[in-house]
Amino acid sequence: MTPLEKFLLGITVPSGAYVCIVLGYVALAYIAVIVFVVGVLYRVIRWAVTPKGPGGLYWGLYRLTLYPNVHSFWKAAGWIFVRMFTFYTLLKENFGYVSGGFWFGLILFHYSIWATLLFHGNIIAYALNMYFHVPLAVKYWLGIVAGVLAYAGLIYLAIRRAYVQARTKVKINYFDDWLLVLQLLIIMGFGLAAKCTAYPSSFTEEAIRSYVHSTYSSGPLAPIKGELVHLVKEYGSVMFILIGEWFKGLLTGNINLAVKAMYCVAVYHPLELVHVFFAEWFLIYIPWSKMIHMFMMPFNPALYGKFEPKEPALQVAIDIVEGRR
Amino acid sequence: MTAEKKIPPHIPSLKRDPIPESPKFEEWLKWYAEKFPESSKWINARKLMVEKFLREAEFEPGKFVKTRDFWWKLSPEERIRFFVERFREVIRENRALRLYLENCTHCGYCIDKCQMWIATRDYHNSPVGRVDLVRAIFKYYDKLTGKLFSKLVDAKELTEQLMEELWIYFHQCTECRRCAYFCPFGIDTAEVTRAVRQIFAEMGMVYEFVGNTVRSLMKTGNHMFLNAKAIKAVFDMVQEEIKEETGKDIEIPLDKPKAKILFLPSSTDVFTNLDTLKGFVKTMYALGLQDKYTFSSEVFEVGNFGLFVSDYHLTRQGKRIAEVATRLGAELVIFGECGHGWRAFKNYVIPELEKRGIKAIHFMQLVVWAIKKRKLKLRKLDYVVTYHDPCNLSRAGDLIEEPRIILRTVCKEFREREHNKHRTLCCGAGTGLLGDDVIPLRVWAGWPSVYDAWKTGAQILATPCSIDKAQFPVVINYHIPGQMTVKGLADLVGYALEL
């Protein structure tokens, strides 16, 4: 057990807050992860085991296809991979309309989100004592830039939703579409705001010391603010460490640690608290909403369909023409 | 585009809109004002509700129809109950359908990719709008949120009116699958269309033109109610014409026993597309296959309108082809010219033939091999030609390069279109939307594709698809009469062949 963990476990949390945190950030966290994993597996397995159709055919067809010259599993998988990661079909011209903006917005949003999630992975790595050290300024700015780009992408896509509706002059977006956008706006907005406010203005010794002393001079972490300076120098922010300890508590079943780490987050970084809370609900939401689309493509028969090679049949024709049959 | 030839602001428009480019644009504006959004009064099925038709089209209860009775004998409540029950059953049975209903994110990218939306500017005539009609039912009957918050998530209980809309809009989808190519997830609206149409067909409801064609297919093995005598009469006439043109007396084999090759033409090749038939006959002769192949009066059809009605009808005709080929002792089946038929053939009949040790190829594949091996003496025709990729060849049939090789070989100049290959535009009459009742829709739904071809300046629009060959002349004659001619690939090969 690290000195920080020992200290966190010694913190006194008001009983009301303790119960709230257990419900909102321990129980809900476990439920969210379980629902997410089980829910996604359920949906994906359900797709996989749903028969093609009557008689094992797609309404009388052995396969659905979309591309020519796909004669092998790997070629079909390649097309799916390219489609998933490049969105290239949006760049094909249609009546002078290359959907460059839509494509760029999607790339911006998805790639930035993936980058952001990758950076979140370092928190789990911290919890598993596998923290990957990144220069603090790089870590800070990469996180901010990825977050801002993802947010910009999200806002662009939301505006485009409204624009398409206006252009086609009909309602194509319903409450569930906007609910999805709203959830993402909240989660990403609070996460970004928390990130922006939880770091010192620069990573010089003086700036870190000044930031830690002013931010953590009162409250449960005040007794170890000197130690926090060293931790910030290593990990970039106290918020990062606290969330890491929360994760550690959840992963090891040390509920007390998780609660107390989250209590400190609530005291010093309430924006993060909102971010985590909505993220938990979002994990529960994903398997039962159209967010499940991210897992769909490998199961789409139109994308993985492949043809038999034509050469053997042509060879029979050639043999007949040339009198060998 | 001139100032007066612009889509008015109250109508959704495109960046480079093909509709105002038509010389008949003013008529479109009038038509739009009159019809929109009730664009489908033209789809007429109710005439089919007669016992004789249903019997001939093999709609017998218990064999195909799962309902207790036909749609027209059911009360409105029973109709709705049947549709809902069957729909929920179908979702459990059909992977593609479930995926497509569950995964659309409403990005709207497919809307302007659909020629039906371009023609009508009606949201429900777009891929997402069309499927949303079914999605609303799916949410209502299969999703908890749909039941609890139906208005918020656009979940709808099935009503008579909604059933009418389903009928209308799913019979205006041409199953071209262009939307599937562009959709970021590859959502294939055609599969949803096929599912909805199958349920309607199970209730005895089929679009008139398609229903009559299927009726013929079930009765005679071809789409045109042809019997052996009628086919033979046309063959004799064509044989005479070929003799006059080439000096060669080439017998056209029909029902010849023990032929190594079974040749499947389109039944329209003995009506409107005689030059296509001549192209086949001359090519087979030139390749020295005269004594080795035959046409069959039992399966004188490459098309398969079962694709537009039900899996039962599709496989029924497919099996018939396989049975005839087996009985004949054929080692090879050659497929003539047809778009949708190639989809059914490639993706059902070929695997069935393979099970029986019989191989099958497309006529164009044989011709390309012959060109490459210099087995055919072909002259250059003095034509500037462009090519329309039939939807079912390019997106469902693995045939993209072969027609281009042929056209570059037999024509003076080949001009590629802007919307080609996987992005090809539907002719606007796919799924047998060929009735006279839908001509106002057909001429505008087909215009984007014809415009795309017209822009190339080519004089010939080549296409190896019988529906295209029926549809494009109508569209051309309406918009730009006399400015383009539609030909099959085999027609051009036939003209270019030196025997």
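None of the values given here were measured: they were computed from a predicted structure.

Analysis parameters
Counting starts from 1 at the beginning of each chain's written sequence and moves along it residue by residue. Naming scheme: in the order in which they are written, chains are lettered from A and ligands are numbered from 1. In keeping with the predicted nature of the model, local features appear solely for residues at pLDDT of at least 70, side-chain atom pairs appear and are counted solely at 80 or more, and the whole-chain, interface and lining totals rest on all residues. Side-chain calculation: all heavy atoms of the structure are included, whereas hydrogens and water are not. Elements are defined by DSSP. Helices are runs of H or I of four residues or more, strands are runs of E of two residues or more, and each kind is numbered from the N terminus. Two things to know: the radius of gyration comes from C-alpha atoms, and the globule rule equals 2.2 Å times the number of residues to the power 0.38. Contacts between residues were defined by any pair of non-hydrogen atoms, one from each residue, lying within 4.5 Å. We score Asp and Glu as negative and Lys and Arg as positive, and we do not count His or the chain ends. The atom standing in for a charge is NZ when the residue is Lys, CZ when it is Arg, CG when it is Asp and CD when it is Glu. Cavities and pockets are found on a 1 Å grid laid over the protein atoms alone: a cavity is a set of points where a 1.4 Å probe fits but cannot escape, a pocket is an open set with protein on both sides within 12 Å along at least five of seven lines, and a lining residue has an atom within 4 Å of such a point. Grid points are joined across faces, edges and corners, and a volume is the space filled by probe spheres set on the points. For this scheme, ten residues count as nonpolar: Ala, Val, Leu, Ile, Met, Phe, Trp, Tyr, Cys and Pro. Four count as charged, namely Asp, Glu, Lys and Arg, and the remainder, Gly too, count as polar. In this analysis, axes come from line fits to C-alpha atoms, helices being fitted only over the stretch in contact, and the angle between any two N-to-C directions falls in the range 0 to 180 degrees. Here a crossing is taken to be left-handed if its near helix is turned anticlockwise relative to the far helix by less than a right angle, and right-handed if that turn runs clockwise. Note on terminology: a nonpolar core comprises buried Ala, Val, Leu, Ile, Met, Phe, Trp, Tyr and Cys residues joined through side-chain atoms within 4.5 Å. Throughout this description, buried means an accessible area under 20% of the type-specific maximum (1.4 Å probe, protein chains only), exposed means over 50%, and partly exposed covers the range between. As annotated, the domain borders come from an automatic or database domain assignment. Buried area counts how much accessible surface, traced with a 1.4 Å probe, disappears from two parts once they are put together, with both parts' losses summed. Throughout this description, the term salt bridge denotes a Lys or Arg side-chain nitrogen within 4 Å of a carboxyl oxygen of Asp or Glu. If DSSP finds at least two bridges between two strands, the strands pair. Place the viewer so that the strands point away; then a crossover is right-handed whenever the path from the first strand over the helix to the second strand goes clockwise. For the purposes of these results, a polar contact is taken to be a pair of N or O atoms within 3.5 Å, where, inside protein, one atom must be able to donate a hydrogen and its partner to accept one; residues adjacent in sequence count only when each atom of the pair is a side-chain atom. By this rule the span expected of a helix is its residue count minus one, scaled by 1.5 Å.

A.B. asks: Could you clarify how one ought to interpret the overall build of chain A in this entry?
C.D. replies: The helix and strand tally for chain A stands at 13 helices and zero strands. Counted from the first residue to the last, chain A has its helices and strands arranged as α-α-α-α-α-α-α-α-α-α-α-α-α. Its C-alpha radius of gyration of 26 Å places chain A more than 25% over the 20 Å reference for a compact globule of 325 residues. Along the longest, intermediate and shortest principal axes, the C-alpha atoms of chain A span 95 × 45 × 40 Å. Long-range contacts, defined here as pairs at least 24 residues apart, represent 72% of the contacts in chain A between residues at least 6 apart. Charge separation in chain A, taken as the distance between the mean sites of 25 positive and 15 negative side-chain charges, equals 7 Å.

A.B. asks: I'm lost on the layout of surface pockets in this one. Help?
C.D. replies: Vacant regions in the atomic arrangement are exposed by a probe of water-molecule size rolled over the atoms. Of the volumes computed, that of the second largest pocket is approximately 880 Å³. In this structure, the second largest pocket is lined by 33 residues; those nearest its centre are Tyr-285, Trp-288 and Ser-289 of chain A together with Lys-143 and Thr-145 of chain B. Among the elements of the structure, helix 2 (15-49), helix 6 (175-197) and helix 11 (270-285) of chain A together with helix 4 (95-102), helix 6 (127-142) and helix 7 (144-148) of chain B are those that each provide at least two residues to the lining of the second largest pocket. Here the lining of the second largest pocket is built from residues that sort into 18 nonpolar, five polar and ten charged.

A.B. asks: How should the packing of helix 4 (residues 100-127) of chain A against helix 5 (residues 136-168) of chain A be read in this particular structure?
C.D. replies: Helix packing for two helices is described by the angle between their axes and how far apart those axes are. All names here are of chain A. Relative orientation of the contacting elements helix 4 and helix 5 amounts to 145°, with a least axis distance of 8 Å. The crossing of helix 4 and helix 5 is left-handed. Between helix 4 and helix 5, the contacting residues are Gly-101, Phe-102, Gly-105, Leu-106, Leu-108, Phe-109, Ser-112, Ile-113, Ala-115, Thr-116 and Phe-119 on the first element and Leu-142, Gly-143, Ala-146, Gly-147, Leu-149, Ala-150, Ala-152, Gly-153, Leu-154, Tyr-156, Leu-157 and Arg-160 on the second. Of the residues that constitute the contact of helix 4 with helix 5, the class distribution is 15 nonpolar, seven polar and one charged.

A.B. asks: Would you take a moment to explain the nonpolar core for this structure?
C.D. replies: Generally speaking, soluble globular proteins have nonpolar side chains that are buried together. All names here are of chain B. Counting 220 residues, the largest nonpolar core has Trp-28, Phe-83, Leu-158, Phe-295, Phe-345 and Leu-366 as the members making the most contacts within it. The biggest single contributor to this core is helix 16 (residues 363-372), with eight residues. The residues contacting Leu-158, other than those within four sequence positions of it, are Ile-80, Phe-83, Val-84, Ile-137, Tyr-141, Met-163 and Leu-166.

A.B. asks: Can you help me understand the domain arrangement of chain A in this one?
C.D. replies: Often, the extent of an interface is quoted as the loss of accessible area on bringing the components together. Residue and element names in this part refer to chain A. Segmentation of chain A into domains returns domain 1 (3-49 + 87-288) and domain 2 (51-80 + 290-325). For domain 1 and domain 2, the distance between their C-alpha centres works out to 41 Å. With 15 residues of domain 1 at the contact, the number on the domain 2 side is eleven residues. When domain 1 packs against domain 2, close to 1,200 Å² is buried across both sides, 75% of that on carbon and sulfur atoms. Considering only the surface of domain 1 that becomes buried against domain 2, Trp-47, Tyr-88 and Ile-286 emerge as the three largest contributors, covering 41% of it. Here domain 1 is connected to domain 2 by two salt bridges. Where Asp-176 meets Lys-290, a salt bridge forms, and the shortest distance between an N and an O atom there is 3.8 Å. Those elements that provide at least two residues to the side of domain 1 that touches domain 2 are helix 2 and helix 6. The biggest single contributor to the side of domain 1 that touches domain 2 is helix 2, with seven residues. Here the side of domain 1 that touches domain 2 is composed, by residue class, of eleven nonpolar, one polar and three charged.

A.B. asks: Explanation requested: the domain arrangement of chain B in the structure shown.
C.D. replies: Taken domain by domain, chain B holds domain 1 (46-206), domain 2 (216-369) and domain 3 (377-496). Distance from the C-alpha centre of domain 1 of chain B to the C-alpha centre of domain 2 of chain B: 33 Å.

A.B. asks: Looking at this model, I keep getting lost on the pairing of strand 4 (residues 359-362) of chain B. Mind explaining?
C.D. replies: Within a regular beta strand, the side chains point alternately toward one face of the sheet and then the other, so they alternate between its two faces. All names here are of chain B. A two-sided burial pattern is seen for strand 4, the buried positions comprising Lys-359 and Ile-361 on one face and Ala-360 and His-362 on the other. As paired strands, strand 3 (residues 332-335) and strand 4 are joined by four bridges and run parallel to one another. Looking at strand 4, one finds that Phe-335 is bridged to His-362. Viewed along the sheet, the connection from strand 3 through helix 15 (residues 340-355) into strand 4 turns out right-handed.

A.B. asks: Please explain the interface of chain B and chain A as it appears in this structure.
C.D. replies: Across the contact, 94 residues belong to chain B and 75 residues belong to chain A. The interface formed by chain B and chain A contains seven salt bridges. A salt bridge links Glu-102 of chain B to Arg-43 of chain A; the nearest nitrogen and oxygen atoms lie 2.8 Å apart. Along the contact surface separating chain B from chain A lie 39 residue pairs in polar contact (both at pLDDT 80 or more). At nine residues, helix 15 of chain B tops the list of elements feeding residues into the side of chain B that touches chain A. Grouping the constituent residues of the side of chain B that touches chain A by class yields 45 nonpolar, 16 polar and 33 charged.

A.B. asks: What am I meant to see in unusual backbone geometry here?
C.D. replies: Among all residues save glycine, negative phi is the norm, and among peptide bonds the norm is trans. Residue and element names in this part refer to chain B. One non-glycine residue, Phe-225, lies in positive phi territory at about 55°. Along the chain, Phe-225 falls in the loop between helix 11 (208-220) and helix 12 (228-246). The exposure class of Phe-225 is partly exposed, given its relative accessible area of 41%. In this model, Lys-421 sits at a positive phi of 50°, which is unusual for a non-glycine residue. Secondary-structure assignment places Lys-421 in the loop between strand 6 (411-415) and helix 19 (439-445).

A.B. asks: When you look at the sheet that holds strand 7 (residues 460-462) of chain B in this model, what are you seeing that I'm missing?
C.D. replies: In a beta sheet, neighbouring strands pair by backbone hydrogen bonds and run either parallel or antiparallel. All names here are of chain B. In spatial order, the strands read 6-5-7-8; together these four strands make up an open sheet with parallel pairing. The open sheet has two free edges, formed respectively by strand 6 and strand 8 (485-487), since each of these has just one partner strand. Adjacent strand axes in the sheet meet at a mean angle of 35°, parallel and antiparallel pairs treated alike. One ladder, built from four bridges, connects strand 5 (residues 381-387) with strand 6; its direction is parallel. If you follow Thr-386 over to strand 6, its bridge partner there is Arg-415. Contacting strand 5, strand 6 and strand 7, helix 18 (residues 401-410) runs over the sheet at an angle of about 140° to strand 6.

A.B. asks: Explain the sheet that holds strand 3 of chain B here, please?
C.D. replies: All names here are of chain B. Ordered in space as 2-1-3-4, the four strands form an open sheet in which the pairing is parallel. Looking along the sheet, the strands with just one partner apiece sit at the ends: strand 2 (293-295) and strand 4. Looking at each pair of strands side by side, their axes are set apart by 25° on average, direction ignored. The strands touched by helix 14 (residues 311-328) within the sheet are strand 1 (261-264), strand 2 and strand 3, with strand 1 carrying the most contacts at an inclination of about 150°.

A.B. asks: Just to check I follow, could you spell out the side chain of Asp-177 of chain A for this structure?
C.D. replies: With respect to the helices, strands and loops of the structure, Asp-177 of chain A is situated in helix 6. Within polar-contact distance, the side chain of Asp-177 of chain A engages the side chain of Lys-290 of chain A at 2.7 Å. Not counting chain neighbours up to four residues away, the residues in contact with Asp-177 of chain A comprise Arg-161, Ile-172 and Lys-290 of chain A together with Thr-105 and His-106 of chain B.

A.B. asks: I keep staring at the pairing of strand 1 of chain B and nothing clicks. Help me out?
C.D. replies: All names here are of chain B. Taking every second residue as pointing to the same face, both faces of strand 1 are buried, with Ile-261 and Phe-263 on one and Leu-262 and Leu-264 on the other. Relative to strand 2, strand 1 runs parallel, the two sharing three bridges. Bridging across to strand 2, Phe-263 finds its partner in Phe-295. Taking the sense of rotation as the criterion, the β-α-β connection linking strand 1, helix 13 (residues 274-286) and strand 2 turns out right-handed.

A.B. asks: What should I look at first to understand helix 6 of chain A in this one?
C.D. replies: One full turn of an α-helix is made of 3.6 residues, so residues set three or four places apart face in the same direction. Taking 1.5 Å per residue, 23 residues should reach 33 Å; helix 6 of chain A reaches 32 Å between its end C-alpha atoms and fits that length. Taken together, the buried positions of helix 6 of chain A are occupied by Asp-176, Asp-177, Leu-180, Val-181, Gln-183, Leu-184, Ile-187, Met-188, Gly-191, Leu-192, Ala-194 and Lys-195 of chain A. Among the structural elements, helix 4, helix 5, helix 9 (238-252) and helix 11 of chain A together with helix 6 of chain B are those in contact with the buried residues of helix 6 of chain A.

A.B. asks: What should I look at first to understand empty space enclosed by the protein in this one?
C.D. replies: Residues and elements named next belong to chain B. What the rule picks out here adds up to five cavities of 30 Å³ or more. What the largest cavity holds in volume is close to 160 Å³. If you trace the largest cavity, you find 17 residues lining it, with Cys-104, Cys-110, Val-128, Cys-183 and Ile-187 closest to the centre. The element best represented in the lining of the largest cavity is helix 6, accounting for four residues. Computed from the structure, the second largest cavity encloses a volume of approximately 120 Å³. For the lining of the second largest cavity, the secondary structure elements donating two or more residues are helix 17 (391-394) and helix 21 (466-479). Here the lining of the second largest cavity is built from residues that sort into eight nonpolar, seven polar and two charged.

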